[in-house]
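Chain and residue survey
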Amino acid sequence: MCFPQSPITMATFIQRMAINYIFLTFVLSADFTDSAITDIGFLVRVASFGINYGQVGNNLPPPDKVLKLFSSFQITKTRIYDTNPQILQTFANSNVEVIVTIENQILIQLNDPQQALQWVSNHIKPYLPDTKITGIQVGNEVYTEEDTTLIQFLVPAMVNIHNALVQLGLDSSIHVSTPCSLAVLEESYPPSAGSFKSEISGIMTQLLNFLSSTKAPFWINAYPYFAYKNDPIRISLDYVLFNPNQGMVDPNTKLHYDNMLYAQVDAVTFAIAKLGFNGIEVRVSETGWPSKGDPDEIGASLENAETYNRNLLRRQMANEGTPLRPRMRLEAYLFALFNEDMKTGATSERNYGLFQPDESMTYNVGLSAFATSSTSSTSISLTSSATKTKVKAKPWSFS
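Presented here is an overview of the structure given in this document. Predicted model, so just to flag it, every value in this text is computed and none were measured.

Now for unusual backbone geometry. Leave glycine aside and you will find that most residues have negative phi; peptide bonds, for their part, are mostly trans. Of note, the amide linkage connecting Leu128 to Pro129 takes the cis form, showing an omega dihedral of 0°. If you trace the backbone, Pro129 turns up in the loop between α5 (113-123) and β4 (132-138). Cis peptide bonds are those with omega within 30 degrees of zero, and the linkage from Tyr189 to Pro190 qualifies with -10°. Within the secondary structure layout, Pro190 lies in the loop between β7 (185-187) and β8 (195-196). Positive phi values are uncommon outside glycine, yet Gln74 reaches one of about 55°. For Gln74, a relative accessible area of 7% translates into the label buried.

Here it is as structure tokens:
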């Protein structure tokens, strides 16, 4: 007697699931419409991209030469992996916006509010306003760090750093966040299936609550290169390199993706939504492609690195958004500025740089097109959204 009902029930269930995905897609794509254009300014008609400025090398040029390199190519946004005083002093009175990083090893001490206040007073305040510090990254890939004990200290450290900025009157122009590895996701394909690993969902909820309350972005380190290296048979090289290809259609949202990076970003957005948060902007803190690798590092080549970064740069300059949020320009920071000879691990780790230590280009991604006067309409310049987002100055707590 019940059997005739089974197909109808299953069909109804599938239909409802499809409706849920369509509704969620609509909500997520609508999150950054008119209000976001006004408040965040992501549709400003001058494009920008950022570059990660690593320093793990014994032959890198000094910061003053790096600043000249930035000026030559009109690069106005960078991220460093510490609070190097020489860099922060050198970049004073320039038009370069800097995101600084708090090293993982000091997260524990920053769980003390007084220690956090002292850190901001010593490492941030002295350089303002001459140096345009627009963000503080608390740790790097802490959720996937080998030392899992650090996870419990991450959000409290972020709260204390933010509250220190509030106390010193510096919070309106500096956001506090943390970069996550894509490994925080349990599922990433198709993008609508994006979800965080269950073992970190609790503390991830704390992080998202903080980011939502302070209007800060969620940063992700996303490398399509690794996906291709691990499965070159099934994954299309053209798809990961932004080359023309048939792409894929998400079966739940019907959105078409012609490259993996945008699919990865949207998977993170869906994962965030499934924890009950909408309106948090997802940005790419690191992405790149190695120009050289070991024999088993499939795809690591000069040609592929040039293609990936050139195509990404073109999309950045076109103010592209992802299929899920097409009206919101995806902000991305390329990794990295230089090849860094002291990095450990595989050969690829030392060969992500757009430039060699002697400041020559590793390959040509088209930056020379921007080596013109500062009045050029194609200038690599965009006021950071952090400076346009106003957050009411008040301490933040878990309660």
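Mapped onto the secondary structure, Asn259 falls in the loop between β11 (256-257) and α10 (260-274). Owing to a relative accessible area of 0%, Asn259 belongs among the buried residues under this scheme. Polar contacts involving the side chain of Asn259 include one to the main-chain amide nitrogen of Leu261, which spans 3.2 Å. Contacts of Asn259, omitting those with residues within four sequence positions, involve Tyr239, Phe242 and Arg315.

With 105 residues, the main nonpolar core has Ile136, Tyr143 and Phe218 as its most contacted residues. Element by element, the count of residues in this core is highest for α10, at ten residues. Contacts of Tyr143, omitting those with residues within four sequence positions, involve Ile151, Leu154, Val155, Cys180, Val184, Ile200, Ile203, Met204 and Leu207.

With that out of the way, let us pick up the pairing of β4. Burial analysis of β4 places six of its seven residues in the buried class, which makes it a mostly covered element. By the bridge criterion, six bridges tie strand β3 (residues 97-102) to β4 in an arrangement that is parallel. Within β4, the position partnered with Glu97 by the bridge is Lys132. Relative to strand β5 (residues 175-177), β4 runs parallel, the two being bridged by three bridges. Within the sheet, the bridge partner assigned to Ile136 lies in β5 and is Val176. Read from β4 through helix α6 (residues 151-167) to β5, the crossover connection turns out right-handed.

At a closest axis distance of 9 Å, the pairing of α6 and helix α7 (residues 201-214) adopts a crossing angle of 15°. Of the possible angle classes, the one that applies to α6 and α7 is roughly parallel. Our pair here, α6 against α7, has a crossing hand that is left-handed. On α7, the residues that touch Ile151, Gln152, Val155, Met158, Val159 and His162 of α6 are Ile203, Gln206, Leu207, Phe210, Leu211 and Thr214. Along the lines of polarity and charge, the residues of the contact of α6 with α7 split into eight nonpolar, four polar and no charged.

Applying the stated rule across the entire model yields eight salt bridges. A salt bridge links Glu331 to Lys77, with the shortest nitrogen-to-oxygen separation between them at 2.5 Å. Placement of the pair is Glu331 in the loop between α11 (302-317) and β13 (332-334) and Lys77 in strand β2 (residues 77-80), with a sequence separation of 254 residues. In terms of burial, Glu331 and Lys77 fall into one category: buried. Residues Lys343 and Glu349 are paired through a salt bridge, measuring 3.9 Å at the closest nitrogen-oxygen approach. Lys343 sits in the buried class, given a relative accessible area of 19%. Connected through shared salt-bridge partners, Lys77, Glu281, Arg283 and Glu331 make up one network.

Calculation criteria
- Residues numbered from 1 in each chain as written.
- Predicted model: local features only at pLDDT ≥ 70, side-chain atom pairs only at ≥ 80, totals over all residues.
- Heavy atoms only, no water.
- Helix = DSSP H or I, 4+ residues; strand = E, 2+ residues; numbered from the N terminus.
- Buried < 20%, exposed > 50% of the residue type's maximum accessible area, 1.4 Å probe, protein only.
- Polar contact = N/O pair within 3.5 Å; in protein donor to acceptor, adjacent residues only side chain to side chain.
- Contact = heavy atoms within 4.5 Å.
- Core = buried A, V, L, I, M, F, W, Y, C linked by side-chain atoms within 4.5 Å.
- Pairing = 2+ DSSP bridges.
- Right-handed = clockwise from strand over helix to strand, strands pointing away.
- Axes fitted to C-alpha atoms, helices over the stretch in contact; angles between N-to-C directions.
- Parallel < 35°, antiparallel > 145°, perpendicular 65-115°, else oblique.
- Left-handed = near helix turned anticlockwise from the far one by under 90°.
- Nonpolar A, V, L, I, M, F, W, Y, C, P; charged D, E, K, R; others polar.
- Salt bridge = Lys/Arg side-chain N within 4 Å of Asp/Glu carboxyl O.

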